[in-house]
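Geometric and topological summary
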Amino acid sequence: MFPPAHSQDADSSIRLTDTDASLARLSAVQKRYLEDPYIKHLVPRSHLQPPRPPLINIGTFVRATAIDDLVFQWLQRSTDLGTRCQIVSLGAGSDTRFWRIATGAHKVALAAYVELDFPEITSKKAMAIRKSRDLSAVLGNPADVTVAHGGTGLHSPTYHLFPADLRLPPADTLGTLLASPSGALLSPALPTLLLFECVLVYMTPTASSALLQWFVDYFSPEGSAVLGSIVYEMFRLQDSFGRVMVENLRARHVSLPGAAPYPDVHSLPGRFLALGFTAARALTLKEIRKSYIPRTELERISQLELIDEIEELDLVLDHYAITWGLFVSPAVAVAWGEWGLRVKAAPPVDEDEEDEE
Ligand SMILES: C[S@@+](CC[C@H](N)C(=O)[O-])C[C@H]1O[C@@H](n2cnc3c(N)ncnc32)[C@H](O)[C@@H]1O
């Protein structure tokens, strides 16, 4: 998964977490937990990659299903309200969400999809897109697709890939790339969803807050501003299981400064509420698996692989959470207030009893 730690500087170890994430997704697709015809084009020698253990596949399934639910609700709500929307994925890595949306039922709802990551990652992605007919065909007419930033960026009518170190002052990075007065890419008038899938945890809380604050400041002057944000990452790293996770990552030169303020699930929404978001909520992957995934889907995946260590699965899932926050002006608060994960199924009685403390 990771090459020997001594050959890595801290940032290259952080960048390698993208390999980890894309291999996990590839494995979940190969084992039929998820459908994604695009991931194989973003993983080198994808046909030779061994599958991940069932526990990782289930975690990947739960996380992807819940985030897809929030993203598709965003697209659907925009469509229902007769508007298009924007999505900005920060630390996007090899994520395929743009391709899945752009070939799906909600493609017309998408005004712009922006991805940002370190230049080493975006140059690999730009290259993979250009090499794959399946990926590049989705971007539209080749005449409308341009490679930019010395090969580390790519632009098409809807999809934009930018190199950026997200720890730098956002006015210098995001301000120049997304909001330049000579032609802003992001319109503050459109509902905009920020995705932070396993990225803020690698940054200091100060740098993460500055990033979120930049978006709040950019959108809030708009009378009907709608800004949503989804964060997925590990938390509760102060308990004994969390300390083992931290030690394992430290051995690979990866530190998690962003997890320090979040000792429990109740602390997670504070990341948004402290910046003036109207509403925020967090759920652990353990809670999501039990009640926020359709029961038919849980039954389907239970047939895919044998898993004997349900307690171990719960322990791992209890250290990852999805937090979502909404920043809306009062004029549109009612229309967007319902956005969020909803209970899909009560947990089975035996699992419910296990949880009682
Ligand atoms: C664990 S991967 C997740 C990738 C993708 N979001 C996903 O869920 O599949 C973390 C990603 O965040 C990126 N990242 C971490 N810190 C960053 C920073 N300071 N600036 C830009 N990208 C960063 C890494 O390069 C990597 O691609």
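Residues numbered from 1 in each chain as written. Predicted model: local features only at pLDDT ≥ 70, side-chain atom pairs only at ≥ 80, totals over all residues. Heavy atoms only, no water.

As a further point, take the overall build of the chain. For the chain, the count of helices and strands is 14 helices and nine strands. In terms of its C-alpha atoms, the chain occupies a principal-axis envelope of roughly 60 × 50 × 40 Å. Counting across all 357 residues of the chain, residues that qualify as buried make up 54%. Of all intrachain contacts in the chain linking residues separated by at least 6 positions in sequence, the fraction that spans at least 24 positions is 78%. (Helix = DSSP H or I, 4+ residues; strand = E, 2+ residues; numbered from the N terminus. Buried < 20%, exposed > 50% of the residue type's maximum accessible area, 1.4 Å probe, protein only. Contact = heavy atoms within 4.5 Å.)

Bringing the site of the ligand into the picture now. Around the ligand there are 20 residues in total, and Arg63, Gly91, Asp117, Leu166 and Glu197 lie nearest to it. A distance of 2.7 Å is found between an oxygen atom of the ligand and a side-chain nitrogen or oxygen belonging to aspartate 117. A distance of 3.1 Å separates a nitrogen atom of the ligand from a polar atom in the side chain of aspartate 165. In terms of residue count, the dominant contributor to the shell around the ligand is helix α1 (residues 10-30) (five residues). Each residue belonging to the shell around the ligand can be placed in one class, and the counts come to ten nonpolar, three polar and seven charged. (Near = heavy atom within 4 Å. Polar contact = N/O pair within 3.5 Å; in protein donor to acceptor, adjacent residues only side chain to side chain. Nonpolar A, V, L, I, M, F, W, Y, C, P; charged D, E, K, R; others polar.)

An order of β3-β4-β5-β2-β1-β6-β7-β9-β8 is seen for the nine strands of this open sheet, with the pairing classed as mixed. The two strands at the open ends of the sheet, each matched to only one other strand, are β3 (146-148) and β8 (279-284). Each strand axis lies, on average, 15° off the axis of its neighbour in the sheet, ignoring direction. Bridge count between strand β2 (residues 110-117) and strand β5 (residues 159-163): five bridges; the pairing is parallel. Looking across to β5, one finds that aspartate 117 is bridged to proline 163. (Pairing = 2+ DSSP bridges. Axes fitted to C-alpha atoms, helices over the stretch in contact; angles between N-to-C directions.)

The residue serine 27 is located in helix α1 in this model. Using a relative accessible area of 1% as the deciding quantity, one classes serine 27 as buried. Those residues within four positions of serine 27 in sequence are excluded, and the remaining contacts are Pro51, Arg52 and Asn57.

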